Amino acid sequence: MSHRPEPAAQADLRTLLDSADRIVGFTGAGVSTESGIPDFRSAGGVWTTYDPATFDFARFITDAQVREQSWQMRREFFDADARPNPAHRALAALEHQGRCAGVITQNIDGLHQQAGSVNVLELHGTAREVLCIGTHPAPGSPQGCGWRAPHAWAMEQVDAGHPDPRCPDCAGMVKSATISFGQLLDPDVIEAALALARSADLLIAAGSSLQVQPAAGLPLETLEAGGRLVIINDEPTPLDRFADVVVRGRAGEVLGAAVPL
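Positions within a chain are numbered from 1, following the residues in the order the chain's sequence is written. For a predicted model such as this one, the threshold for reporting local features is a pLDDT of at least 70, and the threshold for listing and counting side-chain atom pairs is 80 or more; totals across whole chains, interfaces and linings nevertheless cover every residue. Values reported for side chains reflect all heavy atoms of the structure, with hydrogen atoms and water molecules removed beforehand.

**Re the side chain of Gln-183**
The helix and strand labels rest on DSSP assignments: H or I over at least four residues marks a helix, E over at least two residues marks a strand, and numbering proceeds from the N terminus. By the element assignment, Gln-183 lies in the loop between β6 (173-178) and α8 (187-199). Only protein chains enter the accessibility calculation, which uses a 1.4 Å probe; a residue whose area is less than 20% of its type maximum is buried, one above 50% is exposed, and one in between is partly exposed. By relative accessible area, Gln-183 is classed as buried at 13%.

In structure tokens, the structure reads:
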């Protein structure tokens, strides 16, 4: 259950924001849920309709029916027509003010970019694009030809009677540009996220349970480099004891009140 932001903690957050020159946002599923996107674990979430084991990367590359079902899931994802909420807009506003160096997100919905953020590192990829993973993709790490397209391209292919779209350049398999279960994270994105977290004088961890590695370790990189940490979340996290300020509440409500838009 959500808790109303604590007035003292909210005041401390505003003080830290006012004194910070290089803010970095770090966002998790709790930010997306405020835009109407159910998370994977909650009632009504994606995995109450679909079995997560179905979308293991190894199954995706070996089973055409799994690939067909994955496109149906993506269609339902976009049919929700989610929009940015005040948390997305607050981080974008801070970037436009020259005070936020970027956002690291565990979310795949692209709502940070839609809100106006420019420097966004997507740890788990993006559902807004599709990409070639090659004619014989290797388990764990696809090696495609480099072709990418907007997600709408795949939906057009499916609607035209091609339930298992193929790359127009090399005839390789096409997959949503997200990181699936059993698929390795992009090492370049991870390295960039580590560097960005270390560069922050204030990292705002919003809407993340801070339990899934390696993402959960990013706030500690900020602290070890001498920066400060704010955690905004409905529930306790394993890193609360390390934070300079913890605000119990929904990310949109808290950041929307703290950052003038």
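Next comes the rest of the account.
**Details of the sheet that holds strand β5 (residues 148-150)**
The pairing of strands in a sheet happens through backbone hydrogen bonds and is either parallel or antiparallel. Spatially, three strands are ordered β5-β4-β6 in an open sheet, and the strand pairing comes out antiparallel. With one partner strand each, in any of the chains shown, β5 and β6 form the two edges of the open sheet. Geometrically, the sheet is characterised by an average inter-axis angle of 35 degrees between neighbouring strands, direction not taken into account. Pairing of strand β4 (residues 125-134) with β5, which is carried by three bridges, proceeds in the antiparallel orientation. Bridged to Leu-131 within β5 is Arg-148. Only heavy atoms enter the contact rule, under which two residues are in contact if any of them lie within 4.5 Å. To get an axis, a line is fitted to the C-alpha atoms, and for a helix only the part in contact is used. The angle between two axes follows their N-to-C directions and goes from 0 to 180 degrees. Contacts from helix α4 (residues 64-79) reach β4 and β6, with the element oriented near 40 degrees to β6. Pairing between strands is defined by DSSP: at least two bridges between the two strands are required.

**What about the sheet that holds strand β8 (residues 228-233)?**
Judged by pairing direction, the sheet is parallel, and its six strands sit side by side in the order β3-β2-β1-β7-β8-β9 without closing on themselves. Two strands bound the open sheet, and with one partner strand each, they are β3 (120-122) and β9 (245-248). Averaged over all pairs of adjacent strands, the angle between their axes in this sheet comes to 15 degrees, without regard to strand direction. Most of the contacts of helix α1 (residues 7-19) go to β9, to which it runs at about 130 degrees, and overall it touches β1 (23-27), β7 (202-206), β8 and β9.

**So, the packing of α4 against helix α7 (residues 151-159)**
Packing of α4 against α7 leaves a shortest axis separation of 11 Å and a crossing angle of 120 degrees. Taken together, the axes of α4 and α7 are oblique relative to one another. For the pair α4 and α7, the crossing hand works out as left-handed. On the side of α4, the interface is formed by Trp-71, Arg-74, Arg-75 and Phe-78, while α7 contributes His-151, Ala-154, Met-155, Val-158 and Asp-159. Angular relationships are summarised with four words: roughly parallel below 35 degrees, roughly antiparallel beyond 145, roughly perpendicular across 65 to 115, and oblique for the angles in between. In a left-handed crossing the near helix is turned counterclockwise from the far helix by less than a right angle, and in a right-handed crossing that turn is clockwise.

**Describing the packing of aromatic side chains**
Aromatic pairs are defined between Phe, Tyr and Trp rings, using the six-membered ring for Trp, whenever the two ring centres lie within 6.5 Å; interplanar angles under 30 degrees are classed as stacked, those over 60 as edge-to-face, and all others as tilted. Taken as a whole and assessed by the stated rule, the structure comprises one aromatic pair. On the numbers, 4.7 Å between centres and 65 degrees between planes, the contact of Trp-147 with Trp-153 is edge-to-face. Residue Trp-147 is classed as buried on the basis of its relative accessible area, which comes to 12%.

**Brief notes about the nonpolar core**
Leu-13, Leu-17, Ile-23, Leu-202 and Ile-232 are the most contacted members of the largest nonpolar core, which has 26 residues in total. Where this core is concerned, the elements lending two or more residues are α1, α5 (86-96), β2 (100-105), β7, β8, β9 and α10 (251-258). At five residues, α5 tops the list of elements feeding residues into this core. Aside from chain neighbours lying at most four places away, what touches Ile-232 is Leu-13, Ile-204, Ala-205, Ala-206, Gly-207, Val-247, Gly-249, Arg-250, Ala-251, Val-254 and Leu-255. Val-24, Ile-104, Leu-123 and Leu-210 belong to the second largest nonpolar core, which has 20 residues in total. Here, nonpolar core means buried Ala, Val, Leu, Ile, Met, Phe, Trp, Tyr and Cys residues that are tied together by side-chain atoms lying within 4.5 Å of each other.

**Regarding the packing of α5 against α10**
For the pair α5 and α10, interaxial distance at closest approach is 7 Å and the crossing angle is 40 degrees. α10 is crossed by α5, and the crossing has left-handed handedness. Seen from α5, the contacting residues are Pro-86, Ala-87 and Ala-90; seen from α10, they are Ala-251, Gly-252, Leu-255 and Gly-256.

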